[in-house]
Amino acid sequence: MKKFILCALTLAGLSVVSAVSETAPVYRSPIDILASADGKILYVAEKTAQRISLIHPGAHKVISSIPLPAEPTGLALAPDESILFAACPDPAPRIVAIDVNTQSIAYTLKAGNGVCSPVISNDGKRLYTCNRFDNDIGVIDLNTLTEITRIPVVREPVSAALTPCGRYLLAANHLPDGPSTALSISAKVSVIDTLSLRVIKEIPLPNGSVNVREIAIAPCGKYACVTHVLARYQLPTFQLDRGWMNTNALSIIDLTTQTLLNTVLVDDIDRGAANPWGVSFANDGKTICVTHAGTHELSVIDASALISKLNKLPKDSSAIQPLDYSNAPTSMTASDVPNDLSFLVDIRRRVRLPGKGPRALAVVNCNVYTTNYYSDDLNVVDIRPGSRMRPETISLGPKKEIDSIRQGEIYFNDAGLCFQGWQSCASCHPDGRADGLNWDLLNDGVGNPKNTKSLLLSHETPPSMGTGVRLTAEMAVRSGIKHILFMVRPEEDAIAIDDYLKSMRAAPSPTQNSACYQEAIARGKELFHRDDVGCASCHSGPAYTDLNSYNVGTRGELDRQNAFDTPTLIEIWRTAPYLHDGRSGTLRDILTTNNPRDEHGKTSHLTPREITDLEEYLLSL
């Protein structure tokens, strides 16, 4: 039987009366957190538990929980704190508006596919949404409760923040766009003018910037910070020492000029800080806090010292002053900083957290609260100057016993399985998918990089890797632990990762249920199965692959073989770029410019409309 505990507390003038249900434990997966203006209530979005917990930070306990109709991915609080907005992307993307006083759903709003990171305007009249898989920002009028426009951005916006004046919205795009054979490949930050409701600038992050997670703006409005992985993808994967493969970064944007000021590494020389995620400025702007989801840590950075240190560096060597060897800087010029593993040594404290997988964070006065996705709890750290920064834990309730699938997901995202903590499996396979880069892995020799493949259906579609050098995904998992993470782990770790990857399910295509695409999709499906086009001859069966390798005329100048594995087409809409070396930035490139001799599908005789129809069908899978 269920037991109920009645909680009655008066906080910030709000009488909170609720029933906290002590049912069977569930995985909670806290993914977002925000605080009331007075800091007396914390709102925590629990993704897999499908609810929002209200927490009294002083008492370190949950005071009530609000059930949601679907898994939340982000929260926003109205300026008057009367309405709490929760983004819920699946199965029907929507924003759920919760009456804070009654703790009940007031209304829901339609949103874009993969909706996350809602942001409310300073006057409370607009709600901006990151529609991750529609590649745009939604703008909702909260007076009429209607979406007034969509603003296209680069690719997979996952976080957004407004400048204090409300004039500009910055959207952080998760992955780069375009082919992975380009000279420079990086994710970008989109700057949106909230008056004209259009993108006025795209700010590229440094070459190799992928896996962007969050963006935050300083209270003064002069700077923004973005967390991301900075991949050294142009090097063969011989080792991990000193960030040889992946480093982990914080990029600082100068909002006065709307340009990248610089990118600093949050790693140390001999210890990585894998998968930086949440970022926030303290209320006074003097401190920047960053969570490291892969190494379960919190970085506390002196913001003033960081900005001062960056601004003092000359842009190039022509302006270098004679060195004072008693106090030599770590970086000589601004261009040195993204490769400097010691730049933060004297201005950052690195705090080990007892929780697993810290993601979002909230800074309330002198305390930082982190949401620990895999340990289903929060940590609180006192960051006052001179504080010992000893984390305390706030439980979100009874914990469910971890099964093999959940354990495999933990291992997949845990840099503790990697030499010196430089990366996790998720560093190159965010969300189990792909980072959009070409990597020169050693399993097929040196000097022939291949595009990262999504791991969705990998266990059902052998062989693995672009050249099929691993006969099964099980072999690839064990090889990855040994030769990419450079560790020897117990067999049960690999078994758990197998179980997690097998449990992954395809996300529905953004166009799958869209009425305006249905006619084109139907025509494209007919073309796909026509003999004179020939797509279905190799991309057959429920996974759209016959599991064989073929010479389809795509051998590049760096390749040593002609035949490549036939990939599944399931979820192809989110796995660009395409072909084994990522030369095709879009599906249309595959069907046209990169298929001159009709060797992977006979498409040269198709009309432009037929090409579009075929493309729409593929994007619907």
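Student: If you had to explain the overall build of the protein to someone new, which residues and values would you point to?
Tutor: Looking only at helices and strands, the protein features nine helices and 35 strands. The globule rule puts the C-alpha radius of gyration for 621 residues at 25 Å, and the 24 Å found for the protein is close to it. Residues classed as buried in the protein amount to 58% of the 621 residues present. Summarising the internal contacts of the protein: among those between residues at least 6 apart in sequence, 52% fall at separations of at least 24. Accessible area for the protein stands at about 25,700 Å²; split by element, carbon and sulfur atoms hold 53% of it.

Student: I'd like a rundown of the side chain of S117, residues and numbers included.
Tutor: Residue placement: S117 occurs in strand 11 (residues 115-120). Residue class for S117 comes out buried when judged on its relative accessible area of 15%. From its side chain, S117 meets the backbone nitrogen of A160 in a polar contact 3.1 Å long. Setting aside chain neighbours within four positions, we find S117 in contact with T73, G74, Y128, C130, V158, S159 and A160.

Student: A description of empty space enclosed by the protein should follow, citing residues and the corresponding values.
Tutor: All chains considered together, the criterion is met by two cavities of 30 Å³ or more. Of the pockets and cavities examined, the largest cavity occupies roughly 50 Å³. If you trace the largest cavity, you find it lined by R132, E156, H174, L175, P430, D431, R433, A434 and R574. Per-class residue counts for the lining of the largest cavity are three nonpolar, one polar and five charged. The volume enclosed by the second largest cavity comes to roughly 40 Å³. For the second largest cavity, the full set of lining residues is L457, S458, H459, E460, L501, K502, M504 and R505. Taken together, the residues of the lining of the second largest cavity sort by class into three nonpolar, two polar and three charged.

Student: Give me unusual backbone geometry: which residues, what numbers.
Tutor: With omega at -5 degrees, the peptide bond leading from D90 into P91 counts as cis. Among the structural elements, P91 can be located in the loop between strand 8 (83-88) and strand 9 (94-99). Here the residue pair P462 and P463 is connected by a cis peptide bond, since its omega of 0 degrees sits within 30 degrees of zero. You can see P463 is positioned in the loop between strand 33 (450-451) and helix 4 (473-483). For N275, which is not a glycine, the phi torsion comes out positive at approximately 60 degrees. With respect to the helices and strands, the residue N275 is situated in the loop between strand 23 (259-265) and strand 24 (276-281). Phi at F486 takes a positive value of approximately 55 degrees, unusual for a residue other than glycine.

Student: Explain the side chain of E46 to me, and be specific about the residues and the numbers.
Tutor: One can find E46 in strand 4 (residues 42-46). When its relative accessible area of 0% is taken as the criterion, E46 is described as buried. Aside from chain neighbours lying at most four places away, what touches E46 is R28, S29, P30, R51, S53, P72 and L396.

Student: Before we move on, could you go through the state of the cysteines and cite the residues and values that matter?
Tutor: Here the structure, examined in full by the defined rule, presents zero disulfides. For C428, which is in no disulfide, the shortest distance to another cysteine sulfur is to C425 and amounts to 9.0 Å. Using a relative accessible area of 11% as the deciding quantity, one classes C428 as buried.

Student: Break down the pattern of salt bridges for me, with residues and values.
Tutor: If charged atoms from side chains of opposite charge come close, those side chains can pair. Applying the stated rule across the entire model yields 35 salt bridges. As a salt-bridge pair, K502 and E474 come within 3.8 Å of each other at their nearest N and O atoms. Taken as a pair, K502 in helix 5 (residues 491-503) and E474 in helix 4 lie far apart in primary sequence, 28 residues in all. For K502, a relative accessible area of 41% translates into the label partly exposed. For D493, the salt bridge identified is with R489, shortest N-O distance 2.8 Å. One connected set of salt bridges, linked through shared partners, spans D268, R271, E297, R348 and R350.

Reading the values: the criteria
- Residues numbered from 1 in each chain as written.
- Predicted model: local features only at pLDDT ≥ 70, side-chain atom pairs only at ≥ 80, totals over all residues.
- Heavy atoms only, no water.
- Helix = DSSP H or I, 4+ residues; strand = E, 2+ residues; numbered from the N terminus.
- Rg over C-alpha atoms; globule rule 2.2 N^0.38 Å.
- Buried < 20%, exposed > 50% of the residue type's maximum accessible area, 1.4 Å probe, protein only.
- Contact = heavy atoms within 4.5 Å.
- Areas by Shrake-Rupley, 256 points an atom, 1.4 Å probe, with all protein chains shown as cover.
- Polar contact = N/O pair within 3.5 Å; in protein donor to acceptor, adjacent residues only side chain to side chain.
- 1 Å grid on protein atoms, 1.4 Å probe; cavity = no way out; pocket = protein on both sides within 12 Å on 5 of 7 lines; lining within 4 Å.
- Points joined across faces, edges and corners; volume = space filled by probe spheres on them.
- Nonpolar A, V, L, I, M, F, W, Y, C, P; charged D, E, K, R; others polar.
- Disulfide = S-S within 2.5 Å.
- Salt bridge = Lys/Arg side-chain N within 4 Å of Asp/Glu carboxyl O.

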